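Chain by chain, the residues run as shown.
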Amino acid sequence: MNVISYRGGINEYAGDCLVFFIKEGDFSTLDLLQDNTKKILKKIIEAEGFKGEKEKLLKIPLGDRVKSVYLVGVGKSVDDEVYRRASALGVRQIKKDKYKSGLFIGVDKERERAVVEGAILGNYEFDKYKTKKDNENKRNVEEVGLYMGDEENIKLGKIFAEAQIYARNLVNEPGNVINPVTLSEIAKKLAEDKGLECKVYDEKDIQKMGMLALYSVGKGSSTPPRFIHIVYKPEKPKKKVVFVGKGLTFDSGGLNIKPGDYMRTMKIDKSGACAVLGIMKAVAELKPDVEVHGLIGAAENMPGGNAYRPDDIIRAKNGKTIEIDNTDAEGRVTLADVLSYASELKPDLIIDMATLTGACMVALGEYTAGLFSNDDDLARSLEEASRKTGERIWRLPLDDERLRKKIKSNVADVVNSGGRYGGAITAAMFLQEFVGEGIKWAHLDIAGPAYSKEDFFYYQKGATGFGVRLCLEYLLSNT
Ligand code: BES
Ligand code: MN
Ligand code: ZN
């Protein structure tokens, strides 16, 4: 779907429908219409009792040149998220009614980016494997016009949304299509297309580099692990930022195998990695004055004759030893090496994204990511970016030294599971062991929000692309 700025007259618009964004009780944008049309609409609005409440939509069939008019309410509280949702609501209705195009009217300049995001994300569907579409004569919305839209806002909105769709598409691919090797090929292709540097390390390189934690997790699978390093380097970078993504292309649990119900959807255990790729794609297009590195430890966690076991002791890249208590706590083991590598790059900061723990979903619910950080300013900036983007995060503590003792091992430096209580926190504390001294670091546990069980405004059932919008917003507003 394309989004363009429409600068013609509204009464001359040649598309299928008009979508008016209505602030509660304020119908002034309808003044742009011809008097007689406006009169008819006002009567219907009154009869229907529509006031412009947020998350409400009123459809008014016209049957003229423009086939329908929709009013989407944005209520009284004006923030980006309300507009993002209203926009998705509008685009979904256009799609349902099988129209090809619509003109969005009444969007303030400051909300245009969010509206473009909402429209593109709302129109998204992952149906490439359906040989027979649910609805044979279904149509995709081809074009949305933004009335008097600002070109720069539209461009930004498109870059943000398309990066998220790129991530969603990858996450939605199942484990028989995306494995560590194919994921690394996709990363290479992205780098080539976008003019980024990309180095892929195979299982031999991984061992030579001392990344035995990542290697061990990948051992049980017949598809070997890969380590992916992508770089965007501008002329005079002001900062160096590293994004790290958990890239478990499938998490069966390994020898501590998951029961069937829990194994289902574990193709999404690569969501952090796919978010990193989405971010790198957008960074290549946005060209900020920051050096940005994307690191992915890709592996498939499988039981098998060569699988790593409970009781195994593994030395990670930074020299610390890990005792394996549970092979299903594999994400933190892979990230141990990737965070060690990230620290050797001596960056200003590291942000990792990982579908790390079910415990984080127990703590915060499935719509909010856990935020952990060793730096208050970094945490505050991410919280600010969260408010702006509508991607919910909530900070959890790392200062409970008594809890930290749970990841101490009797036979090694750390153990990979700290038990049931505070599971998201002990997992984050485990990661912290592999972050170099003095490096600012934030960890986002996205186990919940990476996947949506139901349609919700700009989310379709399936992968959400969570983290992409948040991290891009953080990058743009902190550099
Ligand atoms: N990938 C899972 C976490 C997860 C669970 C992500 C549900 C998305 C939805 C992770 O590797 C895992 O299995 N974690 C275990 C850790 C435990 C064995 C200490 C968990 O959360 O149960
Ligand atoms: Mn697991
Ligand atoms: Zn996992």
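What you are looking at is a predicted structure, and each value in this text was computed from that prediction instead of being measured.

Colleague: I'm lost on the coordination of the manganese ion (ligand 2) in this one. Help?
Modeller: By definition of the ideal shapes, four donors in a tetrahedron about a metal sit 109.5 degrees apart, and six donors in an octahedron sit 90 or 180 degrees apart. Surrounding the manganese ion (ligand 2) are the protein donor atoms D251 (OD), D328 (O), D328 (OD) and E330 (OE), at 2.1 to 2.2 Å. For the manganese ion (ligand 2), the six donor atoms in the first shell make angles of 72 to 167° at the metal, a pattern classed as irregular. Mapped onto the sequence, the residues coordinating the manganese ion (ligand 2) show the spacing D-x76-D-x1-E. The metal-metal distance between the manganese ion (ligand 2) and the zinc ion (ligand 3) is 3.2 Å, with D251 coordinating both. The exposure class of D328 is partly exposed, given its relative accessible area of 22%.

Colleague: Sorry, what's going on with the sheet that holds strand β1 (residues 2-6) here?
Modeller: For sheets, the rule is that strands pair by backbone hydrogen bonds, running either parallel or antiparallel. Spatially, the six strands line up as an open sheet ordered β1-β6-β5-β2-β4-β3, and their pairing is mixed. What marks the edges here is a single partner per strand, and that holds for β1 and β3 (57-61). Here the strands of the sheet are splayed against their neighbours by 25° on average, with no regard to which way each runs. In the sheet, strand β2 (residues 17-23) pairs with strand β5 (residues 101-105) via four bridges, with the strands oriented parallel. Each bridged residue has a counterpart across the sheet, and for V19 the counterpart in β5 is F104. The sheet strands contacting helix α1 (residues 35-48) are β3 and β4 (68-75), and the helix crosses β3 at an angle near 135°. Strand contacts of helix α2 (residues 80-96): β2, β3, β4, β5 and β6 (143-147), with the helix running at about 160° to β4, the strand carrying the most contacts.

Colleague: Sorry, what's going on with the packing of helix α10 (residues 331-344) against helix α14 (residues 423-432) here?
Modeller: Geometrically, a packed helix pair is captured by the angle between its two axes and the distance between the axes. In contact at an axis separation of 9 Å, α10 and α14 are set at 30° when each is read in the N-to-C sense. Classified by the angle between their axes, α10 and α14 sit roughly parallel to one another. In this structure, α10 meets α14 at a crossing whose hand is right-handed. Contact with α10, carried on its side by R332, V333, L335, A336 and L339, involves A427, F430 and L431 of α14 and no other residues of that element. Classifying every residue of the contact of α10 with α14 by side-chain character gives seven nonpolar, no polar and one charged.

Colleague: Which parts of the structure should I look at to understand the coordination of the zinc ion (ligand 3)?
Modeller: Taken together, K246 (NZ), D251 (OD), D269 (OD) and E330 (OE) make up the protein donors of the zinc ion (ligand 3), found 2.0 to 2.4 Å from the metal. Considering all six donor atoms around the zinc ion (ligand 3), angles at the metal cover 78 to 174° and the coordination shape is octahedral. In the primary sequence, the donor residues of the zinc ion (ligand 3) line up as K-x4-D-x17-D-x60-E.

Colleague: Any chance you could explain the pairing of strand β13 (residues 349-354) here in plain terms?
Modeller: Across a regular strand the side chains alternate sides, sitting on one face of the sheet and then on the other. Of all six residues in β13, six are buried, a share of seventy percent or more. What you see with β13 is no split at all: L349, I351 and M353 on one side and I350, D352 and A354 on the other are buried throughout. The pairing of strand β9 (residues 239-251) with β13 spans five bridges and is parallel. Looking at the pairing, F243 lines up with I351 of β13. Of the strand pairs in this sheet, β13 and strand β17 (residues 440-445) are connected by six bridges, and their pairing is parallel. Among the inter-strand pairings, M353 is bridged to a residue of β17, identified as L444.

Colleague: Explain the pattern of salt bridges here, please?
Modeller: Any two side chains of opposite charge can pair, given that their charged atoms come close. Here the structure, examined in full by the defined rule, presents 34 salt bridges. In this structure, K23 and D108 form a salt bridge, with 3.1 Å as the shortest nitrogen-oxygen distance. Placement of the pair is K23 in strand β2 and D108 in the loop between β5 and α3 (112-122), with a sequence separation of 85 residues. Look at K23 and you get partly exposed, because its relative accessible area is 29%. For D108, a relative accessible area of 26% gives the class partly exposed. Taking the shortest distance from any N to any O, the salt bridge between E173 and K128 comes out at 2.4 Å. Taken together, the residues E173 in the loop between α4 (151-172) and α5 (180-194) and K128 in the loop between α3 and β6 connect sequence positions 45 residues apart. Note on E173: relative accessible area 7%, which makes it buried.

Colleague: So what exactly am I meant to see when it comes to the environment of S477 here?
Modeller: Checked against the element boundaries, S477 lands in helix α15 (residues 468-477). Separated by 132 residues in sequence, S477 and L345 place their C-alpha atoms 23 Å apart.

Colleague: So what exactly am I meant to see when it comes to the site of ligand 1 here?
Modeller: The full set close to ligand 1 counts 17 residues, and K258, D269, D328, E330 and G358 are the nearest of them. One nitrogen or oxygen atom from the side chain of K258 is found 2.8 Å from an oxygen atom belonging to ligand 1. D328 places a polar side-chain atom, nitrogen or oxygen, 2.8 Å from an oxygen atom of ligand 1. If you list the elements that add at least two residues to the shell around ligand 1, you get β9 and α11 (358-364). Here the shell around ligand 1 is composed, by residue class, of five nonpolar, five polar and seven charged.

So, how was this worked out
Residues numbered from 1 in each chain as written. Chains lettered and ligands numbered in written order. Predicted model: local features only at pLDDT ≥ 70, side-chain atom pairs only at ≥ 80, totals over all residues. Heavy atoms only, no water. Donors = N, O, S within 2.8 Å, 3.2 Å for Na, K, Ca; no water. Tetrahedral: all angles 85-135°; square planar, octahedral: opposite > 155°, others 65-115°. Buried < 20%, exposed > 50% of the residue type's maximum accessible area, 1.4 Å probe, protein only. Pairing = 2+ DSSP bridges. Helix = DSSP H or I, 4+ residues; strand = E, 2+ residues; numbered from the N terminus. Axes fitted to C-alpha atoms, helices over the stretch in contact; angles between N-to-C directions. Contact = heavy atoms within 4.5 Å. Parallel < 35°, antiparallel > 145°, perpendicular 65-115°, else oblique. Left-handed = near helix turned anticlockwise from the far one by under 90°. Nonpolar A, V, L, I, M, F, W, Y, C, P; charged D, E, K, R; others polar. Salt bridge = Lys/Arg side-chain N within 4 Å of Asp/Glu carboxyl O. Near = heavy atom within 4 Å. Polar contact = N/O pair within 3.5 Å; in protein donor to acceptor, adjacent residues only side chain to side chain.

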